[in-house]
Amino acid sequence: EPISSPVEMFFFPFVGGGHQIPMIDMARMFAAHGAESIIISTPKHALSFRETILRDQQLGRRIFIEILLLPENIDIADTDMSAIPVTDTSMLQEPLKKLLLQRKPDCIVHDMFHHWAADAIGNLELDIPRIVFNGNGCFANCARENISKFKPHEKVDSKYEPFVVPGLPNRIEMTRSQLPVTRIVEDNMRKSKENCYGVVVNSFYELEPAYVEQFRKGNKAWIVGPVSLYNRNIADKAERGKKAAVDEQSILGWLDSKPPNSVLYISFGSSPRFAPQQVLELAYGLQASNQAFIWVIRDVFKGDGTWFLSEFEEKMKESEQGLIINGWAPQLLILEHGSVGGFMTHCGWNSTLEGVSCGVPMITWPISAEQFYNEKLVTDVLKIGVRVGSLDWLWWNMEPRVSVGRDMVEAAVKRLMGGGEEGGEMRKKARLIGEMAKKAVEGGGSSYVDAIALINELEDRRRINK
Ligand code: UDP
């Protein structure tokens, strides 16, 4: 018999760019499937996704925002991923408890960085299923779990000596220089998963079936992505938490003027910072490749060298080789344009999955966090990308140091975009996987079915507990 009102799901994202964006999309996805989604945020951070939610409400979806107020109008600081070790959100615990008591939702989906939500629920002795979102795919989760369990990196002598990641369906080699250097993620992951009800993953079964199955051996998991595919109109695709720094129509117009698959899109996520010397090498490499490109430059320059960039920008504009976006880019709109034939990415999981969903092959340039794992998935498992050749995990490299030279940039661009057989094969394969991604979220697709299964399970719990 039907329950009297839709299941009420709380979504509690962490404030960093790559964490909040997919969680908001996920809340919208569950609302589109008939749940009531309530996004928990703070006054400042809620501003960044208010409009997207309003548009969903206009479509008749049950999706709402609940604001946690802190005393004396304090808010959680804006943060980029480099600030994670110092961003403590546990001051939100008391307001969250109040809200939980008041609304008694059917579940709470929270970011792993809010692992203290477990205490909040435990202290209240409420029976609210707690579901964790950690922002990564199953491949990265399995690789990380196996490395922390078997410690293969402790058996090699130097930081560049490869070791095989044990227990994975594919032979994957890594080096110590590519592993996350802090324990913070590991600790958060462990704490958040203790006694949790399950895990939601932004991925889709067909992308990494062997890894989904391995992950499911140790975790109750719903694989419900790619959630970015729930952005169906131009405004939602362009904004994603920030207003784009460029006029969408002018970008689309520029892309329209280029042949299919000819443009390389270059972006390093929501908070990249390269040393000026590194930016210079990238610029020279791009110019030498002669390939058309759109390059998102955000906050990269901490030091001298800006003169160089404005000159470069001007030159690229004149020759029509390249467009530079200074600020937030409408990434989804760009990636799905038919003129875009490659994506140079830092392999943040959201960007990786967005590239996959749009059927675009990649040039991988991982910098930190889980990005080296994601690179392995793209290049060694899916075989839809070429490595630029970055080797070291960097804390957003602020040192005057170059890890990828212009020759490496040029070579990678030519390999993927130069019309050779290898690049062509990768493009074909990427397109097929992109089609699978779209099927996964459509009616009857694997992610669709998983999302509905979670809603049904929550409905059943409500019937039993009544
Ligand atoms: N993004 C965007 N415009 C930008 C930079 C980033 O829309 O100029 C979005 C991108 O589409 C993705 C997210 O921000 O959804 C970045 O997440 P990812 O996991 O790739 O990297 P992170 O920022 O967490 O390192």
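The structure we're discussing is the one just above.
Model, not experiment: these values are computed from the prediction.

Rules and cut-offs
- Residues numbered from 1 in each chain as written.
- Predicted model: local features only at pLDDT ≥ 70, side-chain atom pairs only at ≥ 80, totals over all residues.
- Pairing = 2+ DSSP bridges.
- Helix = DSSP H or I, 4+ residues; strand = E, 2+ residues; numbered from the N terminus.
- Axes fitted to C-alpha atoms, helices over the stretch in contact; angles between N-to-C directions.
- Contact = placed C-beta atoms within 7 Å.
- Expected span 1.5 Å × (residues − 1).
- Buried ≥ 20, exposed ≤ 12 C-beta atoms within 10 Å, placed from the backbone.
- Arc of directions from axis to C-beta.

Could you give an account of the sheet that holds strand 9 (residues 221–223), naming the residues involved and the relevant values?
One open sheet holds the seven strands; their spatial order is 3-2-1-4-5-8-9, and the pairing between them is parallel. Strands with a single pairing partner mark the edges of an open sheet, and in this sheet they are strand 3 (63–67) and strand 9. Each strand axis lies, on average, 25 degrees off the axis of its neighbour in the sheet, ignoring direction. Across four bridges, the pairing between strand 1 (residues 8–12) and strand 4 (residues 107–111) is parallel. Each residue of the ladder has a partner; that of Phe12, found in strand 4, is His110. Along the sheet, helix 1 (residues 17–32) makes contact with strand 1, strand 2 (36–41), strand 3, strand 4, strand 5 (130–133) and strand 8 (198–201), crossing strand 2 at roughly 160 degrees.

Lay out the sheet that holds strand 11 (residues 292–297) in plain terms, naming residues and giving numbers.
Picture the strands of a sheet paired through backbone hydrogen bonds; they go either parallel or antiparallel. Within the open sheet, the six strands sit side by side as 12-11-10-13-14-15. Their pairing is parallel. With one partner strand each, in any of the chains shown, strand 12 (322–326) and strand 15 (385–387) form the two edges of the open sheet. If you compare each strand with its neighbour and ignore which way they point, the axes differ by 15 degrees on average. When strand 10 (residues 263–267) meets strand 13 (residues 340–345), the two strands line up parallel, connected through five bridges. Across the sheet, residue Tyr265 finds its bridge partner in strand 13, namely Phe343. On the sheet, helix 15 (residues 371–381) packs against strand 14 (362–364) and strand 15 and is oriented at approximately 120 degrees with respect to strand 15.

Quick one: what's the story with helix 16 (residues 406–417), residue by residue and with numbers?
Each α-helix winds once per 3.6 residues, and so residues spaced three or four apart point in a common direction. Over its twelve residues, helix 16 runs 16 Å from end to end, which matches the ideal 16 Å to within 8%, given 1.5 Å per residue. Of the residues making up helix 16, those classed as buried are Val409, Ala412, Val413, Leu416 and Met417. Within helix 16, the buried residues cover an arc of 100 degrees as seen down the axis, which keeps them to one side. Looking at the buried residues of helix 16, the elements they touch are strand 10, helix 11 (276–289), strand 13, strand 14, strand 15 and helix 17 (421–441). Where helix 16 terminates, the next one or two residues include Gly419, which has phi positive at roughly 90 degrees.

Please set out helix 15 residue by residue, giving values where relevant.
Judged by how many residues are buried, helix 15 sits mostly within the fold: eight of eleven residues are covered. Of the positions making up helix 15, those classed as buried are Gln371, Phe372, Tyr373, Asn374, Glu375, Lys376, Leu377 and Val378. Along its buried surface, helix 15 packs onto helix 6 (138–150), strand 7 (173–174), helix 14 (349–357), strand 14 and strand 15. Downstream of helix 15 by a residue or two, Lys383 has a phi angle that is positive, lying close to 55 degrees.

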